[in-house]
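# A look at the structure
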Amino acid sequence: MKTANALELPSKPKIGMISLGCAKNLVDAEIMLGSVLQHGMEIASRPEDADVLVINTCAFIDSAKEESIEAILEAHQQRRLNTRADQKLIVSGCMSQRFAKELRREIPEVDAFIGLDQVSELGKIVEKILGKRPTLNPPSHKATDGQAAQCPTPKTDNWTLEIGRSELRVDSKNGDLGFANTRPTYIPDYDTPRFRLTPAHFAYLKIAEGCNHPCSFCVIPQMRGKHRSRPPQSVLEEIRGLVSEGVREINLISQDTTYYGMDLWQVKAGPRQPVDSTHGPTLAALLREIQKIEGEFWVRLLYTHPAHWSDELIETIAGCDKVARYIDIPLQHIDESVLRRMRRETSRAHIENLIHKLRAGIPGVTLRTTFIVGFPGETDGEFACLLDFIQQSQFERLGIFKYSQEEGSRAAKMPGQIPARIKNARFRDAMSVQQQIAQDIARERVGIELKLLVDQPHFARSEGDAPDVDARVVLSKAAPVGEFIWRRITGTRGYDLLA
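In this report, we go over the structure that sits alongside the text. (Residues numbered from 1 in each chain as written. Predicted model: local features only at pLDDT ≥ 70, side-chain atom pairs only at ≥ 80, totals over all residues. Heavy atoms only, no water.)

### Considering the environment of tyrosine 259
So the rule is basically this: Helix numbers and strand numbers start at the N terminus; a helix is a DSSP run of H or I with at least 4 residues, a strand a run of E with at least 2.
For tyrosine 259, the position within the fold is in the loop between strand E9 (249-253) and helix H8 (283-291). Remark: the alpha-carbon pair of tyrosine 259 and glutamine 273, spanning 14 residues in sequence, is separated by 9.9 Å.

In structure tokens form, the structure reads like this:
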């Protein structure tokens, strides 16, 4: 017998997920899918098979927003072409968080927009959508003469309020989803249900959420809120669980990994406070505890801000063999004037000193960084300064972004916006310099024996290669997926190594 408040749902609704953007967004997608599994639903491997399709969006730069909009419109078009007029379409992620009101007005085809604080509640939200208004999308008219079936465009402005104000935090005064106007506060725990979307042998683990930095080109703090760290025991419990499942690589991620724990100190840490484990939790202290976990695995540090590195952290990494000798440290620029306009809280001298310390203190370390070209007011001389620094520093891994004028950021209002043709030219020049550097570094590895993690029978990665963004090692002899192997490097192919 059903309880009085049970919802009439189709048996085992199928939920599909299209996740765009960074690894942090991917973790949110995994949590959303964990929520729907917890509510007795199934996960669809193909979008067309889903009763509810979720587009998890990115809004970091213009190209990411365009990709998100295209994905939403394509999903709506496909449900018409596939005569799936009953399929519901949900938009989540940074774009939904930041532009919910505008999106609801401009894309009424979407059945619901959910914010970043609702990722663990997707199962409940789907139940409300499917059970509360089962006839929201009327059946399509039958196709005739080879024409695609058509259906009326669903309108969401009125029915959204009926889903439930407590679950979706609806503001009754203006009829909008309230989370669109608030800073998120959610952060996952070790026992938060997740359905991992990565291969079985590696995972992303979010150790903190949000950001406190005032970078003038960025709106992430406006979307994801202030920095908030997970308690160390929560992180350690999740790592133990992943290792017990056979995970061999754990990528620690957050907006600012090196700030981890400082918001948990009893005495509030200032924005330029030196990192010190005697004051409370820190990344260095967390890594020392991770080192004690039994099992063969490595952890990788992604998204470390240069302002919060410490001698203690460098010494800890050098002393922990379970921490990959790989540092992802976005620097964004090197010219002093540009760094000030970017509000990066670091000077050229600080950056150069830090790079020296990292390489001297962690033998064999691989440094990955990113730079922005075409920032407002960037002169030919400032760009030349960046090129010289790239040549001088010989980064093993480097990415270049063309500046994107983000609405709501300080930099968007700055004079001296750079034309696209100049940004494109500077991008090509910087990548040309780095391509030669990367190929020279790759050739230096020929003859060296490396420990590799096998991603596919003939493809693996070294300690110096993060998934999805870095080079690979092409194996001449197949190896078991998900295992560590040792192979001697025999040659190079572009950015990749041969073994």
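There's more to say after this.
### Digging into the layout of surface pockets
To keep things clear, this is the line we draw: Any residue with an atom within 4 Å of a point lines the site, the site being either a cavity, points on a 1 Å grid over the protein atoms alone where a 1.4 Å probe fits but cannot get out, or a pocket, an open set with protein on both sides within 12 Å along at least 5 of 7 lines. Grid points are joined across faces, edges and corners, and a volume is the space filled by probe spheres set on the points. When residues are sorted by character, Ala, Val, Leu, Ile, Met, Phe, Trp, Tyr, Cys and Pro go into the nonpolar class, Asp, Glu, Lys and Arg into the charged class, and all the rest, Gly among them, into the polar class.
Of the pockets and cavities examined, the second largest pocket occupies roughly 500 Å³. Lining the second largest pocket are 23 residues, with Arg325, Gly364, Leu450, Glu463 and Gly464 sitting closest to its centre. The set of elements that each furnish at least two residues to the lining of the second largest pocket consists of helix H13 (420-444) and strand E14 (449-456). In terms of residues, the lining of the second largest pocket owes the most to one element, E14, which gives 3 residues. Here the residues of the lining of the second largest pocket sort into 8 nonpolar, 5 polar and 10 charged.

### Things to note about the nonpolar core
Generally speaking, soluble globular proteins have nonpolar side chains that are buried together. The condition that has to hold: Side-chain atoms within 4.5 Å link the members of a nonpolar core, which is a set of buried Ala, Val, Leu, Ile, Met, Phe, Trp, Tyr and Cys residues. Only protein chains enter the calculation, and the probe is 1.4 Å; a residue is then buried if its accessible area is under 20% of its type maximum, exposed if over 50%, and partly exposed in between. Whether two residues touch is decided by their heavy atoms; if any such pair falls within 4.5 Å, the residues are in contact.
With 55 residues, the main nonpolar core has Ile239, Ile250, Leu252 and Leu287 as its most contacted residues. A per-element tally of this core places helix H12 (residues 380-393) first, with 6 residues. Residue contacts for isoleucine 239: discarding those within four places in its chain leaves Leu205, Ile250, Leu252, Ile290, Ile293 and Phe297. Grouped together as the second largest cluster of nonpolar side chains are 33 residues, Val36, Leu122, Tyr326 and Phe484 included.

### Considerations on the sheet that holds strand E13 (residues 397-402)
This is how it is decided: The rule for pairing is simple: two strands pair if DSSP sees at least two bridges between them. Between N-to-C directions, angles cover 0 to 180 degrees, with each direction set by a line fitted to C-alpha atoms, over the stretch in contact for helices.
Pairing is parallel across the open sheet formed by 6 strands, whose spatial order is E6-E9-E10-E11-E12-E13. The open sheet has two free edges, formed respectively by strand E6 (202-206) and E13, since each of these has just one partner strand. The mean inter-strand angle of the sheet, taken between neighbouring strand axes irrespective of direction, is 20°. Relative to E9, E6 runs parallel, the two being bridged by 5 bridges. Following the sheet pairing, lysine 206 is matched in E9 by isoleucine 253. Strands in contact with H13 are strand E12 (366-373) and E13; relative to E13, the strand with the most contacts, it is inclined by about 175°.

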